[in-house]
Structure formats: structure tokens, C-alpha cells
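Observations on the model geometry
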Amino acid sequence: MTDTTTIRVYGADWCRDCRRTKQQLEGLEVPFDYIDLEEDESATREAQRISGRMQIPVVVFPDGSHQVEPTNDEVEAKLKELALL
């Protein structure tokens, strides 16, 4: 199980929004766990349970909140809110 103090990103390499979100977090040097849904079928179910949707990426923040298919601005605003930037 992943650490609840870490950002988790559920995604797939074929997903452009997933690649964009990963690139943003890496560029901001914000640590995160990337869960590749292509490699872990149970993670797909977990991402759907968290979001209630089929869209990816699902970004889960340390405060328990999540975003589905977030824009870069939405991710950055949440990181600032959590004082992670």
C-alpha cells in the first residue's frame, strides 16, 4: 500500500492527460507515486472507486481529496493550497 502522505497518480502511458500531469509534477519536483493502470488491474478498480468515474488521470492528494482529468492550473492550485509548492 502506498503512503497516504504522498500524492498518487492513477494513469496509463497511452493517456495524454496522464503524461501531462506526470510531466508537470516531475517539473515542479513534487514527489508522487505513479500507478500504471495497464500493469495493475486492481488499481483500475481502485481509481474508479475513488473517482466514481472512468476518466484518468485520477490524482489523489495527501488530504484525501482527488481530481479527475485536472488541468495544470487545477493541480498547481491544489499543490499551493496544501503548501506542497
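Look a little higher up for the structure.
Because the structure is predicted, anything quoted here is derived from the model rather than measured.

1. A short note on the pairing of strand β2 (residues 32–36)
With five bridges connecting them, strand β1 (residues 7–11) and β2 associate as parallel partners. Residue pairing in the sheet places Gly11 in a bridge with Asp36 of β2. For the crossover from β1 across helix α1 (residues 16–27) to β2, the handedness is right-handed.

2. A look at the sheet that holds strand β3 (residues 58–60)
Taken in spatial order, the four strands line up as β2-β1-β3-β4 in an open sheet, and their pairing is mixed. At either end of the open sheet lies a strand with only one pairing partner, and these are β2 and β4 (66–68). For this sheet the average axis-to-axis angle between neighbouring strands, irrespective of direction, equals 15°. With three bridges joining them, β1 and β3 adopt antiparallel strand pairing. The partner of Arg8 across the bridge, within β3, is Val60. Running at roughly 160° to β2, α1 makes contact with β1, β2 and β3 of the sheet.

3. Brief notes about helix α3 (residues 72–81)
Where α3 is concerned, the buried positions are Val75, Lys78 and Leu79. Buried residues along α3 cover an arc of 100° about the axis, so they all sit on one side. Among the exposed residues of α3, those pointing more than 90 degrees away from its buried face are Asp73, Lys80 and Glu81. Where α3 is buried, its residues meet β1, α1 and β4.

Cut-offs used in this document
- Residues numbered from 1 in each chain as written.
- Predicted model: local features only at pLDDT ≥ 70, side-chain atom pairs only at ≥ 80, totals over all residues.
- Heavy atoms only, no water.
- Pairing = 2+ DSSP bridges.
- Helix = DSSP H or I, 4+ residues; strand = E, 2+ residues; numbered from the N terminus.
- Right-handed = clockwise from strand over helix to strand, strands pointing away.
- Axes fitted to C-alpha atoms, helices over the stretch in contact; angles between N-to-C directions.
- Contact = heavy atoms within 4.5 Å.
- Buried < 20%, exposed > 50% of the residue type's maximum accessible area, 1.4 Å probe, protein only.
- Arc of directions from axis to C-beta.

Nothing here speaks to function; it is geometry throughout.
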